[in-house]
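Analysis of the macromolecular model
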Amino acid sequence: MRTDLHGPLSAYAARLHATAGDRHHVASPLGAWLLLAVAATTADPATEEGAAAELAQALGTDLPSAAEVARTLLDAPHPLVGSATALWHRTGQGDGGPAAWRAALPSTTEVGTLPDQAGLDAWAREHTLGLIETFPLKVEWDVAFILASALATRVSWATPFDVADARALGANSPWAGQLRRALRSPSRGHRCAIVSTARAGDVIVHAAPAQTTDGAGLVVLSVAAAPQVPPAEVLAVAYDLSAGAADGAPPAGSRSLFDRPLGETPLWTLTEERVHTWARDGREERHNAVLPCWSARNDHELTAPALGFAAAVTTLAKALALPVERFEARQTAVARFDRYGFEAAAVTGMAGITSMPPEGVARTAELRFGHPYAVVAVATDAGADGVTGPWHGVPVFSAWVAEPEEVSEA
């Protein structure tokens, strides 16, 4: 069953990419959207005003629908796209609110005590195939909770690219003189088209499919328009065309090469030659594409009101019954596209920041086992239904420690 997400996600992507402008960058609108949708699971269903309404506006759909999409995607992960979410809060904080929201979270969402910085960094590495080594937020004393999402993929093309001289990028390409070699689509296995669109005029499209796992795959779509078309319009067209990319059908708006004049444009060169062909009308159409390798790494500030994180923090703070004065939200994203495959990852985090607690007194006791002492190992045998078994509370081993040993170098 196809998840009804494309429209809301396309609108959200436009707002997120707008914050980066026309600089070289990679982002995961899905990673940010999922984080908001997980926060939506904690909202009071009866609430339709204030932060809840703002969150719904940012998500582009009502909160129950967004929450259901989050649960569907996260509880049935894609074989080629690793995903993870987590909600951490300070020990002794966040337990005062109603418990109903916990059951509404995706079953795969990790809930627990807020880790230290090393723990957050380890979580980022673990859930991004090692592509992102540091969590995008810092854990300070005033962080009350953090909600995080991670997405990652590393795939090989079903058919690798061929290699071409970079001059094939075109005489007017600024990259043709900077690069020595570029990628050329293979004769089979990739899909190419020239598509007429209302938003960006004629665009060129290349689709590279990855090797599949149990029928699940990944298609990386590249879309270029004339140089004067604003990046926001090209990204919007790319999202529009991506709706059918998974089905392998020709993009809507594709036109026959025989409907276009021969010659050169800023986007393609069209030639004609006499060939032997099995085409029914004797007119065969061939496409190939030339692309550069590329990689990107970016940190995105997600505090713009249109991105919805202020509302998400307010909603989550209410569920946790925590006083939150301000918030932070950031995403780290990386990607690489080359001859043999594609890899990308994103970690998105939002933190609720509390005020300084009132002044008090703390005592710390360091307990020193510096002379002989006793040890008893006791079994536990508590079932999931709360009924204890016969081993529960039985001392199994005991010892008197009187001969300490040196810590092993290993």
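For every chain, the first residue of the written sequence is number 1, and numbering continues from 1 onward in sequence order. Residues qualify for local features only when their pLDDT is at least 70, as the model is predicted, and side-chain atom pairs are given and counted only at 80 or more; totals for whole chains, interfaces and linings, by contrast, use all residues. Side-chain calculation: all heavy atoms of the structure are included, whereas hydrogens and water are not.

1. Comments concerning the sheet that holds strand S6 (residues 191-197)
The strands making up a sheet associate through backbone hydrogen bonding, with each pair oriented either parallel or antiparallel. Ordered by their spatial adjacency, three strands build an open sheet running S6-S7-S8, and the pairing between neighbours is antiparallel. Single-partner strands in this sheet number two, and they are S6 and strand S8 (219-224). In this sheet, adjacent strand axes meet at a mean angle of 25° when their direction is disregarded. Strands were regarded as paired on the criterion that DSSP finds at least two bridges between them. The helix and strand labels rest on DSSP assignments: H or I over at least four residues marks a helix, E over at least two residues marks a strand, and numbering proceeds from the N terminus. Relative to S8, strand S7 (residues 201-209) is paired through six bridges, and the arrangement is antiparallel. Across the sheet, Ile-204 pairs through a bridge with Ala-224, a residue of S8. Sheet contacts for helix H7 (residues 231-242): S6, S7 and S8; angle to S8, the most-contacted strand, approximately 140°. Fitted lines through C-alpha atoms give the axes, limited to the stretch in contact for helices. The angle between two N-to-C directions lies from 0 to 180 degrees. What makes two residues a contact is simply this: any of their non-hydrogen atoms within 4.5 Å.

2. Focus on the side chain of Ser-10
Locating Ser-10 in the fold gives a position in helix H1 (residues 6-20). Under this definition, polar contacts are N or O atom pairs within 3.5 Å; protein pairs additionally need one hydrogen-donor-capable and one acceptor-capable atom, and for neighbouring residues in sequence, both atoms have to be side-chain atoms. A polar atom in the side chain of Ser-10 sits 2.7 Å from the backbone oxygen of His-6.

3. Observations regarding the side chain of Thr-354
Within the element layout of this structure, Thr-354 appears in the loop between strand S14 (341-353) and strand S15 (373-378). Of the residues examined, Thr-354 reaches a relative accessible area of 15% and is grouped as buried. Polar contacts involving the side chain of Thr-354 include one to the main-chain carbonyl oxygen of Pro-323, which spans 3.0 Å. Residue contacts for Thr-354: discarding those within four places in its chain leaves Asp-142, Ala-144, Pro-323 and Glu-325. The rule is simple: take the accessible area with a 1.4 Å probe, protein chains only, and divide by the maximum for that residue type; under 20% is buried, over 50% is exposed, in between is partly exposed.

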